[in-house]
Amino acid sequence: MISGVALYFYTKILLEKEIEEELYSNKARIERILAQEGEFIDFESILQVKKVQHQEAEQLQDTLIYDPSQNEIELFRQLSGTKIINGTNYKITVRAMIIESEDILYAIVFTFFTIIFLAFIFLFYLNKSRNEKLWKPFFTNLTKLKNFSVRSDKPLQLVDSEVLEFHELHKELKILTSKIQTDYKNLKQFTEDVSHEMQTPLAIMQAKIDTVINDGEINETQFHQFSSLQSDISRLKQLNKKLILLAKIENDQFTTNEVISLNKLINDTVLNFKELFSIDFLIEENATINVKMDFSLATVLCNNLLSNAVKHNFNNQSIDIKIFDRKLQVINAGEEMLSRPDQVFERFYKESRQKESTGLGLSIVKKICDYYHFVPTYSFETVHYSKKNRGRHIFQIDFSAYKD
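Rules and cut-offs
Residues numbered from 1 in each chain as written. Predicted model: local features only at pLDDT ≥ 70, side-chain atom pairs only at ≥ 80, totals over all residues. Heavy atoms only, no water. UniProt positions renumbered as here; feature names shortened; annotations may be inferred. Buried < 20%, exposed > 50% of the residue type's maximum accessible area, 1.4 Å probe, protein only. Helix = DSSP H or I, 4+ residues; strand = E, 2+ residues; numbered from the N terminus. Pairing = 2+ DSSP bridges. Patch = residues over 30% accessible without salt bridge, like charges linked within 9 Å, V, L, I, M, F, W, Y side chains within 5 Å. Areas by Shrake-Rupley, 256 points an atom, 1.4 Å probe, with all protein chains shown as cover. Salt bridge = Lys/Arg side-chain N within 4 Å of Asp/Glu carboxyl O. Axes fitted to C-alpha atoms, helices over the stretch in contact; angles between N-to-C directions. Contact = heavy atoms within 4.5 Å. Expected span 1.5 Å × (residues − 1). Arc of directions from axis to C-beta. Phe/Tyr/Trp six-rings, centres within 6.5 Å; stacked < 30°, edge-to-face > 60°. Polar contact = N/O pair within 3.5 Å; in protein donor to acceptor, adjacent residues only side chain to side chain.

The name given to the protein chain in an unreviewed UniProt entry is histidine kinase, and the organism recorded there is Zunongwangia atlantica 22II14-10F7. As recorded by UniProt, the Catalytic activity (unreviewed entry) comment attached to the protein chain reads in full: "ATP + protein L-histidine = ADP + protein N-phospho-L-histidine."

Laid out in C-alpha cells, this is it:
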C-alpha cells in the first residue's frame, strides 16, 4: 500500500515535469515562428498568441477549459508569458492536457491489485505443491508410527526426507523404536524367566518343609515355626504369580481374544467358590453381557472380585452379584467404608490385616479393566441390619465403553 501511494505521487510528478518541458518547448517554437513569419495561427485552447501593450511575468499554472471535442471541462497545464519579437510585444500562451489524478490512481490501484492477485494465486499453488512434497514423508512416517507395535519383530521402516529436520527426526525415531523393541523383548524374556525360575525353588523349599514336618521328630515350637515358614512361602508364590501377571498385562502379552459370556463365567466361578466357602451367593441377572477378551484374564477378573468379597465379607453374610445394563456388581457386607477409597485399586493397598492378603487382587482387576477399557468403581452403601447400622461394599465394573 505504501509503495502504491509512493508510485502515485512519483508518477504524478514525472507527468507534470514532462508536460512542463513540452510547454516550454512549444512556447520556444512559437517564438521562432513569430520571429520568422511575423504571425501565428491560434489552435483553439492549446496555443494562443496575442499582441499586448505591457510586459507580463511568465506564469505556470493549472486551469480548467471546456474541450468541445470531449464536450466536457478538462484540466490543462498552462504556460504564459510575454516576448518582444520584431519590436512587437506578444503574449504567448501554450497549454497541455493533464491526465486526471483519479485516472492515475485507478490505474495504479488496478495494476497493483492485479499483480498481487496473480502473485497470490501463483504462490498459493506453488507453496501448496511444494509443501505437499516436503511434508509427504512426515505424514507417511506419522502413519507408520501410529501402526507401530513393539511386539513386532520387524524394525520400523521410515521414509527419508531431503529436509534436514525431518531427516534428523527420522534417524532418531529409528534408534528410539529399535531400543524400545529390544527393551520390550528383554522385559518379556525376564518375566518368563522369573515365572519359571522362581516358582521351582519355592516349590522345592515348600516340599522340603513338608518332609521335615511329616517325617522328622520336631517339637511343637518347631512345628509352628515350620508352618509359619510354609505359609510365608505359599504367600510369596502367590505374590510372585500376581506380579508376573501384572507384568504380562502391562507388556500386552495377552493377544488371544474370544467372545465370552460373562453371565456363564460368573455362574461357573460361583459354583467353584461354593465348594470352598460356606457363604451364600445371590445372583441377579437382568441382562446378558458378552465381551471379547482373553479367557484367562476374564477368569482372573471374576475370581479376584469374588475372592475380595469373600475375604472382606462381614459376619459371613450373603454376597450379592448383579448383572444389569452392561454392568457387573459384586456386593459384600461391611462394617464401615474404607478409609481411603480412592486408593482401593492401587498396588499393595490393603486395610485388612489378613496375612494371606497380598494387596494385588483389586490392582489386577483395575489393570485388566484398563487393558480392555472397562471402568471399575467402588462405593459404600449404609443399610440396616438387625437394628444396627451396617453397610455394603459395592464393586462395580462398567462394560459400556467396550464395543463388540
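Novice: Sorry if this is basic, but what is going on with the pairing of strand 4 (residues 88–97) here?
Specialist: The side chains of a regular strand alternate between the sheet's two faces. With seven of 10 residues buried, strand 4 is to be regarded as a mostly interior element. In this structure, strand 1 (residues 47–51) lies alongside strand 4, joined through five bridges in antiparallel fashion. Paired with Leu47 across the two strands is Val94, which belongs to strand 4. By the bridge criterion, 10 bridges tie strand 3 (residues 72–85) to strand 4 in an arrangement that is antiparallel. Bridge assignment links Gln78 to a residue of strand 4, and that residue is Arg95. Counting the residues in the hairpin turn of strand 3 and strand 4 gives two residues, including Asn86, whose phi is positive at 55 degrees.

Novice: Before we go on, may I ask you to explain a nonpolar patch on the surface in this structure?
Specialist: Together, Phe117, Leu118, Phe120, Ile121, Phe124 and Tyr125 line one region of the surface with nonpolar side chains, adding up to about 650 Å² of accessible area. With respect to the helices, strands and loops of the structure, Phe124 is situated in helix 2 (residues 101–146). Phe124 sits in the partly exposed class, given a relative accessible area of 41%.

Novice: Is there a simple way to explain unusual backbone geometry in this structure?
Specialist: The bulk of non-glycine residues show a negative phi, and the bulk of peptide bonds are trans. Phi is positive for Asn316, close to 55 degrees, though the residue is something other than glycine. Take Asn316: it is sitting in the loop between helix 7 (295–311) and strand 8 (319–324). Taking relative accessible area as the criterion, Asn316 reaches 58% and is therefore assigned exposed. The phi torsion at His373 lies on the positive side, around 65 degrees, for a residue other than glycine. Here His373 is to be found in the loop between helix 8 (361–372) and strand 10 (375–385).

Novice: Help me understand the sheet that holds strand 1, please; the structure alone is not making it clear to me.
Specialist: To summarise the sheet geometry, strands pair through backbone hydrogen bonds and adopt either a parallel or an antiparallel arrangement. Pairing is antiparallel across the open sheet formed by four strands, whose spatial order is 1-4-3-2. Taken across any chain shown, the strands that pair with only one partner, and hence form the sheet edges, are strand 1 and strand 2 (59–67). Adjacent strand axes in the sheet meet at a mean angle of 30 degrees, parallel and antiparallel pairs treated alike. Helix 1 (residues 2–37) contacts strand 1, strand 2, strand 3 and strand 4 of the sheet and is inclined by roughly 145 degrees relative to strand 4.

Novice: How should I be thinking about the pattern of salt bridges in this particular structure?
Specialist: If the charged atoms of two oppositely charged side chains come close together, the side chains can form a pair. Applying the stated criterion across every chain yields a total of 10 salt bridges. Across the pair Lys327 and Asp398 runs a salt bridge, and its minimum N-O distance is 3.9 Å. Here the residue Lys327 occupies a position in strand 9 (residues 327–334), and Asp398 occupies one in strand 11 (residues 388–398), the gap between them amounting to 71 residues. For Asp398, a relative accessible area of 17% translates into the label buried.

Novice: Any chance you could explain helix 6 (residues 262–276) here in plain terms?
Specialist: In an α-helix there are 3.6 residues to a turn, and that puts residues three or four apart on one side. In a regular helix each residue adds 1.5 Å, so 15 residues correspond to 21 Å; helix 6 covers 21 Å between its end C-alpha atoms and thus fits that length. Buried residues of helix 6: Leu262, Asn263, Leu265, Ile266, Thr269, Val270 and Phe273, and no others. Along helix 6, the residues classed as buried sweep out an arc of 160 degrees about the axis, all on the same side. Away from its buried face by more than 90 degrees, helix 6 exposes Lys264, Leu271 and Glu275.

Novice: Got a minute to help me understand the packing of aromatic side chains in this structure?
Specialist: What characterises a pair of aromatic rings is the spacing of the ring centres plus the angle enclosed by the ring planes. With the rule as written, the count across this model stands at 14 aromatic pairs. Judged by centre distance (6.1 Å) and plane angle (25 degrees), the rings of Phe120 and Phe124 are stacked. Here Phe124 and Phe120 lie together in helix 2, a separation of four residues that amounts to about one turn. Aromatic pair Tyr371 and Tyr372: ring centres 4.9 Å apart, planes at 85 degrees, arrangement edge-to-face. When its relative accessible area of 22% is taken as the criterion, Tyr371 is described as partly exposed. Taken together, the aromatic side chains of Trp135, Phe138, Phe139 and Phe166 make up a single cluster linked through ring pairs.

Novice: It is not clear to me how the environment of Ser400 should be interpreted in this structure. Could you clarify?
Specialist: Relative to the elements of secondary structure, Ser400 occurs in the segment after strand 11. Remark: the alpha-carbon pair of Ser400 and Phe374, spanning 26 residues in sequence, is separated by 7.4 Å. At a separation of 2.6 Å, a polar atom in the side chain of Ser400 contacts the side chain of Asp398.

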